[in-house]
Amino acid sequence: MELLDVSLLGWSRAQFAMTAMYHWLFVPLTLGLGIVMSVMETLYVKTGKEEWKKATKFWMTLFGVNFAIGVATGIILEFEFGTNWSNYSWFVGDIFGAPLAIEGIMAFFMEATFISIMFFGWNKVSQKFHLASTWLTVLGATLSALWILVANAWMQYPIGMEFNPDMTRNEMIDFWSILLSPVAINKFLHTVFSGWVLGALFVIGVSAWFLLKKRDTDFALRSMKVGAIFGVIATALIILTGDGSAYHVSQKQPMKLAVMEGLYEGKTNADLLAFGVLNPDKKVYNDSIDPFLMKMPVPVPGMLSFLGYRDFDAFVPGIKDIIEGGYETPKGTALPFTEKKARGKAAIRALADYQKAMAAKDTISAATYKAVLKENYAYFGYGYLENPEELIPNVPMVFYSFHFMVGLGMYFLALFVVVLFFVYRKNIEKQKWLLWISLLTIPLGYVAGELGWVVAEVGRQPWAIQDVLPVQAAISNISSESVKLTFFLFLILFTALLVAEVRIMLKQIKKGPETH
Amino acid sequence: MFNKLYIFYRDGFKNMTVGKTLWLIVLIKLFIMFAILKVFFFPDYLNTNFDSDESKANHVRQELINKSN
Ligand code: HEM
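Residues numbered from 1 in each chain as written. Chains lettered and ligands numbered in written order. Predicted model: local features only at pLDDT ≥ 70, side-chain atom pairs only at ≥ 80, totals over all residues. Heavy atoms only, no water.

Student: Explain the site of the ligand residue by residue, including any values.
Tutor: Residue and element names in this part refer to chain A. Of all residues adjacent to the ligand, which total 21 residues, the nearest are Lys187, His190, Lys256, Met405 and Ala456. Histidine 190 places a side-chain nitrogen or oxygen 2.9 Å from a nitrogen atom of the ligand. At a separation of 2.5 Å, an oxygen atom of the ligand approaches a polar side-chain atom of lysine 256. Counting residues per element, the ones that place at least two in the shell around the ligand are helix H9 (182-212), helix H10 (217-252), helix H11 (254-260), helix H16 (395-424) and helix H17 (432-458). (Near = heavy atom within 4 Å. Polar contact = N/O pair within 3.5 Å; in protein donor to acceptor, adjacent residues only side chain to side chain. Helix = DSSP H or I, 4+ residues; strand = E, 2+ residues; numbered from the N terminus.)

Student: I'd love a proper account of helix H15 (residues 363-376) of chain A, names of residues and values included.
Tutor: Residue and element names in this part refer to chain A. Counted at 1.5 Å a residue, the expected span for H15 with its 14 residues is 20 Å, and the 20 Å between its end C-alpha atoms agrees. Within H15 the residues assigned to the buried category are Ala366, Leu373 and Asn376. One side of H15 carries all its buried residues, which in axial view fall inside an arc of 100 degrees. When the buried face of H15 is taken as reference, the exposed residues oriented beyond 90 degrees from it are Ile364, Lys374 and Glu375. (Expected span 1.5 Å × (residues − 1). Buried < 20%, exposed > 50% of the residue type's maximum accessible area, 1.4 Å probe, protein only. Arc of directions from axis to C-beta.)

Student: Explain the coordination of the iron atom of the ligand residue by residue, including any values.
Tutor: All names here are of chain A. The protein atoms that coordinate the iron atom of the ligand are His190 (NE2) and Met405 (SD), at distances spanning 2.1 to 2.4 Å. Bound by six donor atoms, the iron atom of the ligand shows angles of 83 to 180 degrees at the metal and therefore octahedral coordination geometry. Taken together, the positions of histidine 190 in helix H9 and methionine 405 in helix H16 put the pair 215 residues apart, joining distant regions of the chain. Judged by its relative accessible area of 18%, histidine 190 falls in the buried class. Relative accessible area serves as the criterion here: at 18%, methionine 405 is assigned to the buried category. (Donors = N, O, S within 2.8 Å, 3.2 Å for Na, K, Ca; no water. Tetrahedral: all angles 85-135°; square planar, octahedral: opposite > 155°, others 65-115°.)

Student: Tell me about the side chain of Ser438(A), and please be specific about residues and values.
Tutor: Residues and elements named next belong to chain A. With respect to the secondary-structure elements, serine 438 resides in helix H17. On the basis of relative accessibility, which here comes to 1%, the residue serine 438 falls in the buried class. Those residues within four positions of serine 438 in sequence are excluded, and the remaining contacts are Ile204, Gly205, Ala208, Met224, Leu415 and Val419. (Contact = heavy atoms within 4.5 Å.)

Student: Requested: an account of the packing of helix H2 (residues 50-70) of chain A against H9(A), with residues and values cited.
Tutor: All names here are of chain A. Two elements in contact, H2 and H9, have axes separated by 13 Å at closest approach and are oriented at 120 degrees. With respect to H9, the axis of H2 lies oblique. Between H2 and H9 the crossing geometry is right-handed. Of the residues in H9, those in contact with Phe58, Trp59 and Leu62 of H2 are Phe202, Val203, Val206, Ser207 and Phe210. The residue makeup of the contact of H2 with H9, split by class, is seven nonpolar, one polar and no charged. (Axes fitted to C-alpha atoms, helices over the stretch in contact; angles between N-to-C directions. Parallel < 35°, antiparallel > 145°, perpendicular 65-115°, else oblique. Left-handed = near helix turned anticlockwise from the far one by under 90°. Nonpolar A, V, L, I, M, F, W, Y, C, P; charged D, E, K, R; others polar.)

Student: Help me get a handle on the environment of Met167(A), residues and values and all.
Tutor: The residue Met167(A) is located in the loop between strand E1 (161-164) and strand E2 (169-172) in this model. Met167(A) sits in the partly exposed class, given a relative accessible area of 23%. Taking the C-alpha atoms as reference points, Met167(A) and Trp90(A), 77 residues apart in sequence, are found 9.0 Å from one another. Apart from the residues lying within four places of it in its own chain, the contact partners of Met167(A) are Trp90(A), Asp53(B) and Ala57(B).

Pasting the structure below:
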């Protein structure tokens with residue numbers, strides 16, 4: 001094994017995680033607030049009531065602040081691909097190439113056109129044209145999240161591509177199966193809906209602040225109503241697509257599912273945990289120590305089996321089973337880690353032999369090696385792993401993140417329902433406790449989304465591309481010092497942006513709807 | 001037509017309030033990102049070290065082979 005610079009890998013991962021998480025502080029509010037302001041403007045056009053116009057303009061300004069500060073922060077992740085993760089970038093080839101660029105340009109022009117009409121066009125273009133521009137701005141912003149999520153889904157479930165050993169890269173053979181991969185569609189929807197949930201929480205939280213201050217009450221009540229209805233719909237959708245995510249994870253990334261549930265030993269009729277405290281003494285996957293100090297399943301027996309396999313009696317493999325193999329799957333008996341590793345090594349050896357044969361212009365041998373490579377390619381990445389423990393992601397981080405995300409989802413639903421109840425009773429402004437809770441819940445909307453990304457990304461370690469490329473093979477040969485330096489540069493830049501965002505937002509909120 | 005567009009944007013920018021601060025932030029951010037970070041700290045590793053697609057492919061292939069044993 002080549003001496004791996006552990007700190008290089010650590011810093012490269014830390015930098016990617018930090019910039020991705022900061023980027024994700026800006027994106028979801030754009031998606032969610034965008035829908036809210038579009039709905040309000042639609043109400044204005046339909047009813048002709050100036051109050052709706054005033055509300056639309058207020059939320060639109062906050063949308064603008066968030067959009068301006070967040071825009072282009074995602075490009076930083078692409079800088080990192082090229083510098084820190086060059087093996088990976090080259091290896092994935094087409095998936096990050098043309099489609100991402102085309103989409104970027106399309107979304108840019110769409111947004112650049114419609115966002116200016118949205119902000120500058122009041123009273124200058126017709127009401128309907130203005131309304132269409134507002135909706136198209138949001139559509140453009142939503143679409144610009146599409147391909148990057150398709151690419152992410154491909155890394156979790158690589159399909160529609162074929163590895164070309166001459167170019168050392170994966171080439172697209174089926175665009176539609178990549179775009180319409182069930183993982184991609186579900187991921188796109190779950191992610192967009194998480195933005196909607198945050199947007200709704202933001203709207204009820206800020207409106208609650210106005211009600212607590214007894215300012216702009218009519219505006220705040222209107223906004224509260226739209227926010228709460230939108231929130232109920234968005235949370236129902238996020239729970240529905242969350243169920244889809246868990247199903248796809250079970251099918252395509254069983255180790256991630258096992259870790260999400262702290263399941264070491266597989267079982268049929270497996271329960272889903274509502275709550276659990278992990279045992280810190282559990283250090284080895286195949287010892288006899290109970291992984292939990294305490295746990296509480298949801299009251300429906302076999303719920304995890306149902307979630308993962310749509311069958312209450314299905315067998316859900318645990319961490320130990322996945323490493324040791326031997327259980328039945330729709331594709332046949334699961335292979336043990338040792339066998340997968342042997343196949344991975346065979347694939348990498350075949351690549352090396354293919355290279356030598358091609359250099360020697362021995363095309364007959366080259367064809368044989370290419371066939372061996374193709375046959376074992378599905379396990380290519382296992383050839384980089386030495387011990388089975390390397391297959392196991394960080395259990396506490398994934399387990400707690402998953403359970404907090406789900407718990408927050410349930411809590412948000414309850415909150416929106418209660419808020420809506422008092423909105424219809426027409427006495428929400430008197431429920432001080434509820435107004436405070438609504439205000440204080442805004443940060444939790446951000447927390448839930450970040451936790452979701454921890455589940456998805458930490459939960460798939462060690463893989464950059466599931467089963468095919470582990471992170472240690474994906475990084476560039478650069479010095480860890482330079483990655484450390486840029487880590488802090490980004491930390492400073494993003495923190496400055498965040499401070500600017502919060503300050504400008506607060507200032508605009510305090511000004512209230514009258515001035516917009 | 002173009003004149004109308006020009007006036008549309010000119011008036012739009014003129015009447016901005018918070019938008020002015022936001023534009024300033026966007027421009028500073030883009031400058032830091034593209035003129036400083038990208039240029040000095042984020043060279044594309046393969047483009048800087050290799051000229052052709054073939055030599056990039058060879059390099060990555062060699063890396064993938066070496067890293068496994
Ligand atoms: C309430 C039930 C929920 C369930 C069952 C659920 C399930 C999941 C699962 C299984 C993943 C991992 C997907 C993967 O690895 O491919 C995930 C990711 C994610 N979740 Fe949730 N989630 C729920 C609620 C929420 C809430 C309330 C939010 C935020 C408001 C949220 C935001 C996210 C995000 C941003 C991701 C990462 C993107 C992705 O992989 O889809 N989730 N969720």
